[in-house]
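# Breakdown of the fold
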Amino acid sequence: WPFYAPLIFEINRLKKEKDAVILAHNYQTPQIYHGVADIVGDSLQLAVEATKVTQQVIVQCGVHFMAETSKLLNPSKTVLIPDSRAGCSLASSITAEDVIAMRKMYPGVPVVTYVNTSAAVKAVTDVCCTSSNAVDIVNRVEGDTVIMIPDQYLARNTAKLTHKKIITWAGSCEVHETFTADDISELRHAYPTAKIIAHPECPPEVIDAVDFAGSTAAMIDWVKSTKPPRVVMVTECSMSDNVASETTGVDFLRGCNICPHMKRINLENVLWSLHTMSEEITVPEEIIPAARLAVERMIEMSR
Ligand code: 13P
Ligand code: SF4
């Protein structure tokens, strides 16, 4: 931490000078999460917070779709991402043309789209969802069949918790898809007293084998409220690093993967971003209204 102190100090000074706020996802490193972020959260919380920002500049410490969502929800603000190459395997798994083709194949079936997608995909969507409200949104859209894209695993995990028929897409999160039921058995064997919790982007066999599954914020809340003596968070590695420093009496054991996209963001490029006011997120004008509506519908339906 002493090594990071000058960067943290300078970023926090520049935030004031540039009238900027830093929104950071729960997968950001502790230096960002604890050192410079003004608001931290899961995708839904960050989207809701983006609508309330009064500062002129938003620096999004997360991946590209998160920054795009902030721009959609608060278009008069300058939204910056410290490295625009911070993508997401789910967002790159589907295009707007793919969604239009699916709509033709299943006429009249509502399309629920995970926020981990481009603005162009959101624009051809009925309503978005995140991992924290997926079941609720699927239950609340009209009809007994729903197209849920692009995460096949989130869709299959949601299908187990709803009576609706779900048609999905073959996308997956490169970080969570690699966890297996055998990994969970091995963790149980190695740490018999530990609780094991996972993100719903993991395959269904993994979710069946764990003690709790939920969005990144739900996992943090679960650990803070349940206070298990030992826990494994089967998700991105920064999660337990960030929660460990806020939670006493819980032993955090390793069972995580790193998201290379989230890890593109670091203190150096956050500082560079604020200093040079780059890289600025833009969304084509013609896409904004429809994409924004899909996200706003989700926020409205999750109240
Ligand atoms: P959350 O909405 O649960 O924070 O998930 C976002 C994400 O990218 C998980 O991989
Ligand atoms: Fe995308 Fe997976 Fe990284 Fe989340 S963890 S940003 S879903 S690649």
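Given the structure is predicted, the values throughout are model-derived calculations rather than measurements.

## Regarding the site of ligand 2
Not every one of the 13 residues close to ligand 2 is listed here, only the nearest: Cys88, Ser89, Cys173, Val175 and Cys259. Along the lines of polarity and charge, the residues of the shell around ligand 2 split into seven nonpolar, three polar and three charged.

## Observations concerning the UniProt feature "binding site: [4Fe-4S] cluster" (unreviewed entry) in the protein chain
Within the UniProt annotation, "binding site: [4Fe-4S] cluster" (unreviewed entry) is assigned to Cys88, Cys173 and Cys259. Their sequence span is 172 residues, while the largest C-alpha to C-alpha distance among them is just 9.4 Å; these annotated residues converge on one region. Among the structural elements, cysteine 88 can be located in the loop between β4 (78–80) and α5 (96–105). When near neighbours in sequence (up to four residues on either side) are disregarded, cysteine 88 contacts Val63, Phe65, Asn116 and His261. Within the fold, cysteine 259 resides in the loop between β12 (251–253) and α13 (267–276). Cysteine 259 gets classed as buried once you count the C-beta atoms within 10 Å, which come to 22. Every residue in contact with cysteine 259, bar those within four places of it in the chain, is listed here: Tyr27, Val175 and Glu236.

## Remarks on unusual backbone geometry
With an omega of -5°, the peptide bond running from isoleucine 149 to proline 150 counts as cis. Positionally, proline 150 belongs in the loop between β7 (145–149) and α8 (152–159). Residues serine 278 and glutamate 279 are joined by a peptide bond in cis, for which omega reads -5°. You will see that aspartate 19, though not glycine, has its phi angle at about 55°, which is positive. Relative to the assigned elements, aspartate 19 resides in the loop between α1 (5–18) and β1 (20–25). For methionine 277, which is not glycine, the phi torsion reads 55° and is therefore positive. By the secondary structure assignment, methionine 277 is in the loop between α13 and α14 (288–301).

## Section: the site of ligand 1
Near ligand 1 the following residues occur: Asn26, Asp42, Ser43, Asn116, Thr130, Ser131, Cys173, His199, Glu201, Ser215 and Thr216. Here the residues of the shell around ligand 1 sort into one nonpolar, eight polar and two charged.

## Some remarks on the pairing of strand β11 (residues 230–234)
Counting buried positions over the five residues of β11 gives four, a clear majority of the element. Direction of pairing for β11 relative to β12: parallel, over a ladder of three bridges. Bridge assignment links valine 231 to a residue of β12, and that residue is phenylalanine 252. Note that the unit made of β11, helix α12 (residues 238–244) and β12 has a crossover that is right-handed.

Rules used throughout
- Residues numbered from 1 in each chain as written.
- Chains lettered and ligands numbered in written order.
- Predicted model: local features only at pLDDT ≥ 70, side-chain atom pairs only at ≥ 80, totals over all residues.
- Near = placed C-beta within 6 Å.
- Nonpolar A, V, L, I, M, F, W, Y, C, P; charged D, E, K, R; others polar.
- UniProt positions renumbered as here; feature names shortened; annotations may be inferred.
- Helix = DSSP H or I, 4+ residues; strand = E, 2+ residues; numbered from the N terminus.
- Contact = placed C-beta atoms within 7 Å.
- Buried ≥ 20, exposed ≤ 12 C-beta atoms within 10 Å, placed from the backbone.
- Pairing = 2+ DSSP bridges.
- Right-handed = clockwise from strand over helix to strand, strands pointing away.

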